[in-house]
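Residue-level listing of the chains:
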Amino acid sequence: MPKIVTGRVITAEGIPVPGIAVTNGRDVVATGGDGSFSVEPFGPFIAVTRPTGWHTDHWFTRLPAGAGDSTEITFELHATEQSLPYQFMHITDTHIDMAAPDRWAFDKGRLTTPDQLKEFLLDLPQLSPASRSVIVTGDLVDNGSPEEFAGLLDAVADAPVPVNLVPGNHDHMHLGRSGRISRNNYIVNDGNPELYEELVGPRWFSYDVAGLHVVVMDWHTHELGLDHTVQEEWLRNDLAAAGDDTPYILCMHDQPGHPVMDRLPRKPLATFSGHWHTSRVVDIDGVLHVNSPTPFFAGLDYSPPMFREVTWNGTGLQLNSRTMPAHYLHNPDHAFDVDKATVAGYDAKSRSSLVRWRHQLAGAGHRAGLTLAGDRIFAGSQIEDRPAGTVEALDAESGRLLWSAATGSAVKTRPVLAGGIVVVAEVSGAVAGLAAATGERLWTTPSTDPYRRFAWQSPVESEGIVVLGDQSDLRALDAATGKVLWRRTDLSPHHNIVTHSSPAIVGSMVMVGFWPTPNSPIAVDLHTGESIWPMPELQDDPWDTARNLRVTGTAAYDDGQDSFLVPAICSTAKLDRKTGSVQWTVQHEGGYSPSTPVITPAGYVVTVTGHGLRMLAKDTGGQLWDATVDGLAPFPMTAYRMKANPVMAAPVFEESTETLLLPGLDGVIRRFGLDGAPEGTYDVGVPLAAPLVAAGGSYLTVGVDGGLLALDLGAGS
């Protein structure tokens, strides 16, 4: 006969609690009228599903080796108030890092320290007083080391509310970071969950709050195929025990895709995830999918550090996404209202006399900016508290709203005008064609995979063909109809590093770069999609392949030298257009620099994010000058940085004065001469992450508050 583990679930007063779900990691049983349960030992733990109205400090027990009939377990529940509405906080990808503070090139101590997380959690009664629990969806630590886990557990030990931990791929990296292509064609790290289980606890479990069932699963080992069948069997048993009428949410480290969603016994209300270091809220077949950015350093989509408050009202969920106050990033205080910056539209109340007119977009601004076409402006916006966005058309002279069109998810990129059609990409990967005159939707090309497509780059048009997509699904559409003309799905397996490189089109060549794979830029034919440059090979370890040219932004084309200038991680490269061969590469600070280089008569100007501007010699890449920029920015936006700096957007070259105008996150526009000397500043009073667009004698831009501004810049102060 199989061995049996027995136990009881009781109250603090010793009263038995019937009907409580208990699991061995595969099977789920319910306690009887006397609070007792019996279950076969299977995994390393016996865990209880904490029911609505109860909590316990010890919800799982680690089974000793050889556990069996003599093993008796007691879970003690304590009553707790869980009335509706019930609010919890979602954070993700804390990446607790115990490395020496000078280890990282991007920033001194670029990832999270245990003290930062501890300070944040202890301050929850003041920062988010309605939040009654926290869920952290993975990559809790950076290297999966015992020291990092010790720091993590110390950080959460004294939290004033329960903190529920979800494992991520970095939490399984104590044996190394080698990469592989998974069973679902996904580039992931190898992993071993043994240390996590030894030091932290169960990797899949459930609990209830105010009638909402919360399910936690280990995405990484599921994707690797280490235990997906067991996790799925447990989930079927867990949901059966919860009951068909019990609403639930699914929390995993990565946005669950078809391999998870298609095998669920029934749909959840929502999923909550991280891994991408992005802010993305979409609705897919009636399920809300919430992917959140990092809380203590900037995201890979250049989101500022952020957290989400989630309110369950008994029938549905409401989000309140908030940027992290500067105090918790150990940055200086600033004068801006940025609680909803890049999240939802609000008026940051610039009182600058430089503002000729201001129009509030329906959502927030980010770094994409706007498109000026004749006398019309087209701009997208993002609404991160629900799956929504907008595209709006304005009169360029007056700022008068001509039309507004709603989208099914956020628009983080510039729309493109192709003939009489405005083409816009949503973060779900869906693409729409809108009538430029009225905003009427003329066509929609659905996302090829709304779980996996994270559309961050702007579409580009030439000859009536619109090109957009990512490294694992690059597409060309007919701008008039939305028909797919060609697709390239062979460039790279799927991975989670979002793409910020729009294609650069020169004649019939489409050139675009990605990171981490392909490991060098590619060039294809505009009309057929066929490769023009040789395709780089993917090595056995795809992360090793990624160590070459790591493109993070859109290239500029220098027609005088028939070359592309490519922004990459900590570097800028010059490529021959005909062959794709690298002519030179220059290393510099700045980490992820997504801004397009600027071509001037004197040289190439590169935006060194978090630092300033630098001019490079055209023939050699040698540094001609360097201009450092400082200011009180409200938050960092450069990926992995926690130190705020004004420099994010690229400058614009003003030919009439032969100067550069650089917008800043500190709300200041700076003018530089082509010798790098400062020539004036313009205090706009609103953080700017988007580039300036020349419009006759004035300039247009979009603030992080979603305010579209027309600026009259004089000589400057």
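Quantities reported herein were computed from a predicted structural model and do not represent experimental measurements. (Residues numbered from 1 in each chain as written. Predicted model: local features only at pLDDT ≥ 70, side-chain atom pairs only at ≥ 80, totals over all residues. Heavy atoms only, no water.)

### Thoughts on the overall build of the protein
The cut-off we apply is this: Put simply, DSSP marks the helices as runs of H or I at least four residues long and the strands as runs of E at least two long, and each gets a number from the N terminus on. Computation of the radius of gyration draws on C-alpha atoms alone. For the globule rule, the value is 2.2 Å times the number of residues to the power 0.38. Three labels apply to residues, based on accessible area from a 1.4 Å probe with only protein chains included: buried if under 20% of the type maximum, exposed if over 50%, partly exposed otherwise in between. We call two residues contacting when some pair of their heavy atoms lies within 4.5 Å. Note on areas: Shrake-Rupley with a 1.4 Å probe; residue coverage comes only from the protein chains shown. When charges are tallied, Lys and Arg are placed among the positive residues and Asp and Glu among the negative ones, while His and the ends of the chain are skipped. A single reference atom marks each charge: NZ on Lys, CZ on Arg, CG on Asp, CD on Glu.
A tally of regular secondary structure across the protein gives 8 helices and 52 strands. Here the C-alpha radius of gyration of the protein, 26 Å, is about what a compact globule of 717 residues would show, namely 27 Å. With the C-alpha coordinates of the protein rotated into their principal frame, the extents come out at 85 × 55 × 50 Å. Every one of the 717 residues in the protein was classed for burial, and the buried ones make up 64%. In the protein, the share of contacts with a sequence separation of at least 24, taken over all contacts with a separation of at least 6, comes to 57%. Carbon and sulfur atoms form 50% of the exposed surface of the protein, whose accessible area is close to 24,600 Å². Side-chain charges in the protein split into 50 positive and 84 negative, and the spacing between the mean points of these groups amounts to 3 Å.

### Focus on unusual backbone geometry
Residues Leu84 and Pro85 are joined by a peptide bond in cis, for which omega reads -5 degrees. By the secondary structure assignment, Pro85 is in the loop between β8 (72-79) and β9 (86-91). Backbone geometry at Ala210 places phi at a positive 50 degrees, although glycine is not the residue there. Relative to the helices and strands, Ala210 resides in the loop between β14 (205-209) and β15 (212-216). Since its relative accessible area comes to 10%, Ala210 is described here as buried. Although it is not a glycine, Glu463 adopts a positive phi angle of roughly 55 degrees. Take Glu463: its relative accessible area is 53%, and that puts it in the exposed class.

### Let's talk about the nonpolar core
Inside soluble globular proteins, nonpolar side chains tend to come together where they are buried. So the rule is basically this: We call a set of buried Ala, Val, Leu, Ile, Met, Phe, Trp, Tyr and Cys residues a nonpolar core when their side-chain atoms join them within 4.5 Å.
Of all hydrophobic cores here, the largest spans 54 residues; its most connected members are Val215, Leu250, Tyr592 and Leu665. Of all the secondary-structure elements, those providing two or more residues to this core are α5 (219-224), α6 (228-242), β16 (248-251), α7 (258-261) and β18 (280-284). Setting aside anything within four residues of it in sequence, one finds Val215 in contact with Phe205, Ser206, Trp234, Leu235, Asp238, Leu239, Tyr248, Ile249, Leu250 and Cys251. Of all hydrophobic cores here, the second largest spans 37 residues; its members include Val9, Val17, Val48 and Leu77.

### Concerning the sheet that holds strand β4 (residues 36-39)
Operational definition: Pairing between strands is defined by DSSP: at least two bridges between them are needed.
In space, the 4 strands of this open sheet follow the order β4-β1-β8-β6, with mixed pairing throughout. Both edges of this open sheet fall to β4 and β6 (54-55), since each of them pairs with a single strand only. The pairing of strand β1 (residues 5-11) with β8 spans 6 bridges and is classified as parallel. Pairing of Thr11 across the sheet is with Leu77, part of β8.

### As for the side chain of Ser321
In plain terms, the rule: We define a polar contact as two N or O atoms separated by no more than 3.5 Å, with the added condition that, inside protein, one atom must be a possible hydrogen donor and the other a possible acceptor, whereas residues neighbouring each other in sequence contribute only through side-chain atom pairs.
Relative to the helices and strands, Ser321 resides in strand β21 (residues 317-323). In terms of polar contacts, Ser321 uses its side chain to reach the side chain of Arg308, at 2.7 Å. There is a polar contact of 3.4 Å between the side chain of Ser321 and the backbone oxygen of Glu384. Those residues in contact with Ser321 that lie beyond four places of it in its chain are Met306, Phe307, Arg308, Asp339, Lys340, Val343, Glu384 and Asp385.

### Brief notes about the pattern of salt bridges
Here the idea is simple: oppositely charged side chains can pair when their charged atoms come close. Defined as follows: What makes a salt bridge here is a side-chain nitrogen of Lys or Arg within 4 Å of a carboxyl oxygen of Asp or Glu, nothing more.
Inspection of the entire model under this criterion finds 29 salt bridges. For the salt bridge of Arg180 with Asp190, the shortest nitrogen-to-oxygen distance reads 3.4 Å. Taken together, the residues Arg180 in strand β12 (residues 179-181) and Asp190 in the loop between β13 (187-189) and α4 (194-199) connect sequence positions 10 residues apart. Since its relative accessible area comes to 31%, Arg180 is described here as partly exposed. By relative accessible area, which is 28% here, Asp190 ends up partly exposed. Between Arg356 and Asp712 there is a salt bridge, with the nearest N and O atoms lying 3.4 Å from each other.

### Regarding the sheet that holds strand β10 (residues 131-137)
In sheet architecture, strand pairing relies on hydrogen bonds along the backbone and comes in two forms, parallel and antiparallel. Inclusion rule: Every axis in this analysis is a line fitted to C-alpha atoms, fitted for helices over the stretch in contact. Angles between the N-to-C directions lie between 0 and 180 degrees.
Reading across the sheet, the 5 strands line up as β11-β10-β9-β20-β21 and stay open at both edges, with mixed pairing between neighbours. Every interior strand has two partners, whereas the edge strands, β11 (163-166) and β21, have only one. The average undirected angle you get between the axes of adjacent strands in this sheet is 20 degrees. Note that β10 and β11 share 4 bridges and pair parallel. Within β11, the position partnered with Val134 by the bridge is Val163. Here helix α1 (residues 114-122) sits on the sheet and contacts β9, β10, β11 and β20 (306-312); the angle it forms with β9, its principal contact strand, is near 165 degrees.

Fair warning: the whole summary comes from geometry, so function is off the table for now.
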